[in-house]
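# Fold and geometry: a report
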Amino acid sequence: MSVEKEDSTGQHSTGGDDTGKAETSKLRMENLTKQFGRIVAVEDVSLDIHSSEVFALVGDNGAGKSTLMNMLSGVHEPSKGQIYKDGKPVNFSNPSEARDNDIETVYQDLALMDDLDIATNIFMGQFPRTGFGPLQLIDWDETYERAEQIMMERLGRDLDIKTEVEFLSGGQRQLVAIGRSLAFDPDVIILDEPTSALSVDATRLVQDTIDTLADQGITIVIVSHNIESVLKHADRIGVLFRGSLVDIKQPEETDLEELNELMTTGTLSSGRLDD
Ligand SMILES: Nc1ncnc2c1ncn2[C@@H]1O[C@H](COP(=O)(O)OP(=O)(O)OP(=O)(O)O)[C@@H](O)[C@H]1O
């Protein structure tokens, strides 16, 4: 498990791992707890997510992944504990406050409008406008130009932005949903089960996109059941068990079997090396 320390600027950072990326704390959770009545869904989770890293949160059903994600995205307020963004304490009472702090979340259902094209889906609800005051109109030229930029330059994909979303594959739909989050220019994107129910090719497309975004300096938090996928693409993997963060692993130092054991029992049997 990485060791937390605080540098002279008050920025939290972690040592003890070797992801090859700068370890500036982008998101810090300190003793985060969430209770629903008598159910403790997340208990006392402390964790630093580094700038530009791909951090995966894994865990069995009911382990607390969604609840932790929902606290970061402003859906739930913590019962206890504190979130820090870029070293500053932040309190989100709704998702738009997380958005104001440059945190975007792509939910599993993607919430795309099938009969509308890619560009319209990317800018739905926040179209570029032209004109003044009550005479403002959607600036369609700007909408298509910016959607093209997001698709080509940020996501690195040559998809025709005038294609209606209903004609896209599962992986391409995920790309559009990620594109919509990019329209808000976030520096953290939380992805809820981004590869669930995708084909092998679609999974690869999404994984490559995640790598591309991390290379652009975006911090990615993936909530996933797909351990094989996160083993290939995450810089670090945090394992939740019954609401507690029981371990943080780097893919190089662990494997499918070990992560499964941690997810299902919360610990490692003797004979396995743990740090
Ligand atoms: N709104 C809620 N009200 C009451 N209990 C809740 C609520 N949300 C989650 N829980 C409970 O909190 C615990 C953690 O749930 P959570 O959905 O965070 O787990 P998860 O790891 O995301 O599981 P899954 O992979 O099945 O979605 C579970 O016992 C769940 O029943």
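Just so we're clear, the structure is a prediction, and the values are computed from it rather than from any experiment.

Right, let's talk about the nonpolar core for a bit. Soluble globular proteins tend to bury their nonpolar side chains together. Grouped together as the largest cluster of nonpolar side chains are 64 residues, with contacts concentrated most on L72 and I220. Of the domains in this structure, domain 1 (1-102 + 186-262) and domain 2 (109-184) are the two that each give at least three residues to this core. Contact partners of L72, with chain neighbours within four places excluded, come to L27, I83, A98, I103, I190 and V221.

Here we come to the UniProt feature "domain: ABC transporter" (unreviewed entry) in the chain. Mapped onto the present numbering, the UniProt feature "domain: ABC transporter" (unreviewed entry) falls at residues 27-267. With 34% helix and 28% strand, residues 27-267 has end C-alpha atoms that lie 26 Å from one another.

Before going further, it helps to examine the site of the ligand. Residues in close proximity to the ligand include F36, I39, A41, G59, N61, G62, A63, G64, K65, S66 and T67, which together make up its full environment. Class assignment of the residues belonging to the shell around the ligand gives a composition of four nonpolar, six polar and one charged.

Moving on to the sheet that holds strand β7 (residues 88-90). Within the open sheet, the four strands sit side by side as β4-β3-β6-β7. Their pairing is antiparallel. The outermost strands of the open sheet, each flanked by one partner alone, are β4 (39-50) and β7. Across the sheet, the mean angle separating the axes of adjacent strands is 25 degrees when strand polarity is ignored. The pairing of strand β6 (residues 80-85) with β7 spans three bridges and is classified as antiparallel. Along β7, the bridge assignment pairs I83 with V90. The strands touched by helix α1 (residues 65-72) are β3 (25-36), β4 and β6; relative to β3, the strand with the most contacts, the crossing angle is about 120 degrees.

Another aspect to go through is the domain arrangement of the chain. By domain assignment, the chain separates into domain 1 (1-102 + 186-262) and domain 2 (109-184). Taking the mean C-alpha position of each, domain 1 and domain 2 sit 27 Å from one another. Per-element tally for the side of domain 1 that touches domain 2: the top contributor is helix α6 (residues 200-215), with six residues. Classifying every residue of the side of domain 1 that touches domain 2 gives eight nonpolar, four polar and two charged.

Reading guide: rules and limits
- Per-chain numbering applies: the sequence of each chain, read as written, is numbered from 1 onward.
- Under the rules for a predicted model, residues below a pLDDT of 70 receive no local features and side-chain atom pairs below 80 are neither given nor counted, while totals for whole chains, interfaces and linings still include all residues.
- Note on definitions: a nonpolar core is a set of buried residues drawn from Ala, Val, Leu, Ile, Met, Phe, Trp, Tyr and Cys, linked by C-beta atoms within 7 Å.
- Remark: C-beta atoms are placed from the backbone, and a residue is labelled buried if 20 or more other C-beta atoms sit within 10 Å of its own, exposed if 12 or fewer do, or partly exposed between those counts.
- As annotated, the domain borders come from an automatic or database domain assignment.
- Two residues form a contact once the distance between their C-beta atoms, set from the backbone, is within 7 Å.
- UniProt positions are given in the numbering used here, feature names are shortened, and annotations may be inferred rather than shown by experiment.
- In this text, helices come from DSSP runs of H or I with a minimum length of four residues, and strands from runs of E with a minimum of two, each type numbered from the N-terminal end.
- Near residues are defined by distance alone, with the backbone-placed C-beta atom required to lie within 6 Å of the molecule or strand.
- Each residue gets one of three labels, nonpolar for Ala, Val, Leu, Ile, Met, Phe, Trp, Tyr, Cys and Pro, charged for Asp, Glu, Lys and Arg, and polar for the others, Gly among them.
- Criterion used throughout: strands pair if DSSP finds at least two bridges between them.
- Interaxial angle, 0 to 180 degrees, is taken between N-to-C directions of lines fitted to C-alpha atoms, where a helix line uses only the stretch in contact.

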